[in-house]
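Tertiary structure, described
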Amino acid sequence: MNKDEIGGNWKQFKGTVKEKWGKLTDDDMTVIEGKRDQLVGKIQERYGYQKDQAEKEVGEWETHNKYRW
């Protein structure tokens, strides 16, 4: 998968990320821009989760949405 394909995937799935984690802002989404580690970090920051909890939620979201980074 090349960078353009990853970017396209992210644009498609950005809405589902905001549905799942509504506390993430548009600025957060710009920072994340398809980077898994950034998503985990922002979830930790906005929800006060420990890293393992944020990782678990992202993993579940990936499985449910069949998202590939």
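The rules we used
- Residues numbered from 1 in each chain as written.
- Predicted model: local features only at pLDDT ≥ 70, side-chain atom pairs only at ≥ 80, totals over all residues.
- Heavy atoms only, no water.
- UniProt positions renumbered as here; feature names shortened; annotations may be inferred.
- Helix = DSSP H or I, 4+ residues; strand = E, 2+ residues; numbered from the N terminus.
- Buried < 20%, exposed > 50% of the residue type's maximum accessible area, 1.4 Å probe, protein only.
- Contact = heavy atoms within 4.5 Å.
- Areas by Shrake-Rupley, 256 points an atom, 1.4 Å probe, with all protein chains shown as cover.

As annotated in an unreviewed UniProt entry, the protein carries the name UPF0337 protein YjbJ and comes from Buttiauxella noackiae ATCC 51607. One UniProt comment on the protein, placed under Sequence similarities (unreviewed entry), says "Belongs to the UPF0337 (CsbD) family."

**Describing the overall build of the protein**
When helices and strands are tallied, the protein shows four helices and zero strands. Written out in order from the N terminus, the α and β elements of the protein read α-α-α-α. For the protein, buried positions account for 32% of its 69 residues. Within the protein, contacts between residues at least 6 apart in sequence are counted, and of these 37% link residues at least 24 apart. As displayed, the protein has an accessible area near 4,600 Å², and 45% of this comes from carbon and sulfur atoms.

**A word on the environment of Asp-37**
Looking at the secondary structure, you find Asp-37 in helix 3 (residues 36–47). Measuring from C-alpha to C-alpha, the distance between Asp-37 and Val-58 comes to 9.8 Å, with 21 residues separating the pair along the chain.

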